[in-house]
Amino acid sequence: MYRDHPALALRGLTKRYADGTLALEEFDLEIPAGAFFGLLGPNGAGKTTLISAVCNLLRITEGEISVFGEPHDSLQARSWIGLAEQDINLDRFLTVRETLLYHGGYWGMREPENRAHELIDAFGLTHKRDTRAPRLSGGQRRRLLLARALMHRPRLVILDEPTAGVDFELRQELWRYIRQLHAEGTTILLTTHYLEEAEQLCDEIALIRDGHLIARDNSEGLREHFGVGRLQDAYVKAMAL
Amino acid sequence: MTPLVWLCKRETLRVSKLWTQTVLAPVVSSMLFILVFGLSLGGRIKQVGDVDYEVFIVPGLITMAMAQAAFANNASTIFQARFDRYVNDVLSAPMRSWQMTLGYTVGGVVRALAIGVSLLVLAFVVVGVPVEHPFALAAAMGLGLVLFASLGLVVGIYAETWDHTSFIQNIVILPLTFVGGVFYSVDVLPSPWEELSHFNPVFYLVNAVRYGFLGESDVSIWLSLGVIAALAVPVYAWSEWLFSTGRRLKD
């Protein structure tokens, strides 16, 4: 039923910050339900602003956002989104288990305990379940961040540079889990600076710069569009335009 | 209602995990006030009205401890959540703004009540303080805690550094509390200090609580409750407005 609508639709999205910075301007984007969608662009391109706008973490200047056909600020739409932010933003007072339980509670889950145990096991945090977030290693925090985003079984998972600063083994492990999630029908929106990662994982990629959409296609289409043999070269060309 | 219950639980859990800082420390410092001021000065001042001095100061000290705790708790919990950005987990949740406001307010109220009840028990044992009008006491405390817990939220949301929250606590709330009649009846003050005391909102809170405990007050209980309510309602509405609009919480 919810697949009748795009997972995410942005129409004329504009965000101007209080200091006058125009982070997004008249931005239109539609991501189909079930897609694995990549958002690529340099620092300051507007990726995190776009994600924050979708997740109700900033006040948009103009435009409309809908999630599976529902206004993004409705309770229904919020319940469908899972967000793993770029920066580690775990509650310093909560243990691993409590982080997941409380997140589940905020999302209205009636019995979050079983789901929390499932994710603690799946992300290899069993021996750290009663450890508070500040005492976890960087990799463990990153895993917990992802587990928290998935806790309430979201239909749209938004991953903002989830593998930044993560070692090779953990990156492979995280992608294995995300691929499995996508195979089960979850829509994934990913931002990353690792172009090969985007190329391997994403069905479609959008290149954005200075708050504008430059191009959007699958990896092959982008290479053809820019007349180059590698996605890296397409990216460099797009950003130089 | 589930998200609200979980947010209330989270805020209460924070208070309980930090209980030595959040509850024990204010109880110990307030008891020191009662022992040092009450029992030492009490030997010289004897009575205020018909009440022994060590009993007279108890309602004001309990009010001071609870009001400061409600403010400090909420200012620090929301500022910390903003600073570390884990407030985003609440702001992006399918939760209504009134649930966020109420959930955060509850933390400060619970902490203040834990302190108040502990002090009441200890003060009863040490100086035998009575509770003459429990309903008036409950009303005064309820309104006072909503006022200071909400004020803490507002300050914690506007604050840009930790210093901002402690500035309001040390430069505004603490002095107003001290000159609000905690240690004396304003009747004994010379003009114009007695009249000026009536412009201090904490004066009304201290007197409403004192009426609840001792049955005595410098002003009418209804005037006191009215003044506290007239402040609590707009400050609570202000904190709710911040959550509903996202101002200062969302860029």
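Calculation notes
Residues numbered from 1 in each chain as written. Chains lettered and ligands numbered in written order. Predicted model: local features only at pLDDT ≥ 70, side-chain atom pairs only at ≥ 80, totals over all residues. Heavy atoms only, no water. Contact = heavy atoms within 4.5 Å. Buried area = accessible area lost by both parts, 1.4 Å probe. Salt bridge = Lys/Arg side-chain N within 4 Å of Asp/Glu carboxyl O. Polar contact = N/O pair within 3.5 Å; in protein donor to acceptor, adjacent residues only side chain to side chain. Helix = DSSP H or I, 4+ residues; strand = E, 2+ residues; numbered from the N terminus. Nonpolar A, V, L, I, M, F, W, Y, C, P; charged D, E, K, R; others polar. Expected span 1.5 Å × (residues − 1). Buried < 20%, exposed > 50% of the residue type's maximum accessible area, 1.4 Å probe, protein only. Arc of directions from axis to C-beta. Pairing = 2+ DSSP bridges. Axes fitted to C-alpha atoms, helices over the stretch in contact; angles between N-to-C directions. Phe/Tyr/Trp six-rings, centres within 6.5 Å; stacked < 30°, edge-to-face > 60°. pLDDT = per-residue confidence, 0-100. 1 Å grid on protein atoms, 1.4 Å probe; cavity = no way out; pocket = protein on both sides within 12 Å on 5 of 7 lines; lining within 4 Å. Points joined across faces, edges and corners; volume = space filled by probe spheres on them.

Caption draft 1: Local environment of the interface of chain A and chain B. Taken together, the contacts link 33 residues of chain A with 29 residues of chain B. Carbon and sulfur atoms make up 55% of the surface buried where chain A meets chain B, a total of about 2900 Å² over both sides. Inspection of the region where chain A meets chain B yields six salt bridges. Of the charged contacts in the structure, one is a salt bridge between lysine 17 of chain B and glutamate 98 of chain A, with a shortest N-O distance of 2.6 Å. Taken together, the links from chain A to chain B amount to 13 residue pairs in polar contact (both at pLDDT 80 or more). Per-element tally for the side of chain A that touches chain B: the top contributor is helix α3 (residues 96–106) of chain A, with six residues. Within the side of chain A that touches chain B, the residues separate by chemical class into 15 nonpolar, seven polar and 11 charged.

Caption draft 2: Representation of helix α6 (residues 168–183) of chain A. Residues and elements named next belong to chain A. Taking 1.5 Å per residue as the helical rise, α6 with its 16 residues ought to reach 22 Å, and the 22 Å between its terminal C-alpha atoms agrees with that figure. Taken as a whole, α6 has its buried residues at Leu170, Arg171, Leu174, Trp175, Tyr177, Ile178, Leu181 and His182. Seen along its axis, α6 keeps its buried residues to an arc of 160°; they face one direction. Exposed residues pointing more than 90 degrees away from the buried face of α6 are listed as Phe168, Glu169, Arg176 and Ala183. Against β3 (36–40), α4 (112–122), α5 (138–150), β7 (156–160), β8 (187–191) and α7 (195–201) lie the buried residues of α6. Immediately beyond the C-terminal end of α6, within one or two residues, lies glycine 185, with a positive phi of roughly 110°.

Caption draft 3: Fine view of the sheet that holds β7 of chain A. Residues and elements named next belong to chain A. Read across the sheet, six strands follow the order β6-β7-β8-β3-β9-β10 without closing on themselves; strand pairing throughout is mixed. Unpaired on one side and paired on the other, β6 (81–84) and β10 (212–217) mark the two borders of the sheet. Between one strand axis and the next, the sheet turns through 15° on average, direction left out of account. Where β7 and β8 come together, five bridges link them in parallel fashion. The residue bridging leucine 159 from the neighbouring strand is leucine 190, located in β8. Sheet contacts for helix α1 (residues 47–54): β3, β6, β7, β8 and β9 (204–209); angle to β7, the most-contacted strand, approximately 145°.

Caption draft 4: Representation of the packing of aromatic side chains. Scanning the entire structure with this criterion turns up 12 aromatic pairs over all chains. On the numbers, 4.6 Å between centres and 50° between planes, the contact of phenylalanine 123 of chain A with tyrosine 177 of chain A is tilted. Taken together, the positions of phenylalanine 123 of chain A in the loop between α4 and α5 and tyrosine 177 of chain A in helix α6 put the pair 54 residues apart, joining distant regions of the chain. Residue class for tyrosine 177 of chain A comes out buried when judged on its relative accessible area of 17%. Taken together through their ring pairs, the aromatic side chains of Phe33, Phe178 and Phe183 of chain B make up a single cluster.

Caption draft 5: Just the confidence of the model for chain B, in detail. Mean pLDDT over chain B: 92, with 98% of residues reaching 70 or higher. Confidence estimates for the predicted assembly give a pTM of 0.92 and an ipTM of 0.92.

Caption draft 6: Up close: the layout of surface pockets. What the largest pocket holds in volume is close to 470 Å³. Broken down by secondary-structure element, the contributors of at least two residues to the lining of the largest pocket are α1 of chain A together with α3 (53–84) of chain B. By residue class, the composition of the lining of the largest pocket is seven nonpolar, four polar and eight charged.

Caption draft 7: The pairing of strand β1 (residues 8–16) of chain A, seen in detail. All names here are of chain A. With seven of nine residues buried, β1 is to be regarded as a mostly interior element. Here six bridges tie β1 to strand β2 (residues 22–31), and the two strands are oriented antiparallel to one another. Bridge pairing in β2 links alanine 9 to glutamate 30. The turn joining β1 and β2, which pair antiparallel and follow one another in sequence, is formed by five residues; a positive phi near 95° is taken by glycine 20. For β1 and strand β4 (residues 62–67), the ladder comprises five bridges, and the chain directions are antiparallel.

Caption draft 8: Geometry of the pattern of salt bridges. Residues and elements named next belong to chain A. By the definition in use, this model includes 18 salt bridges over all chains. Glutamate 113 is paired through a salt bridge with arginine 97; the nearest N and O atoms lie 3.0 Å apart. Placement of the pair is glutamate 113 in helix α4 and arginine 97 in helix α3, with a sequence separation of 16 residues. Under the relative-accessibility criterion, glutamate 113 is labelled partly exposed at 28%. On the basis of relative accessibility, which here comes to 22%, the residue arginine 97 falls in the partly exposed class. The residue arginine 223 makes a salt bridge to glutamate 199 at a minimum N-O spacing of 2.6 Å. In this pair, arginine 223 is assigned in helix α8 (residues 219–226) and glutamate 199 in helix α7, connecting sequence segments 24 residues apart.

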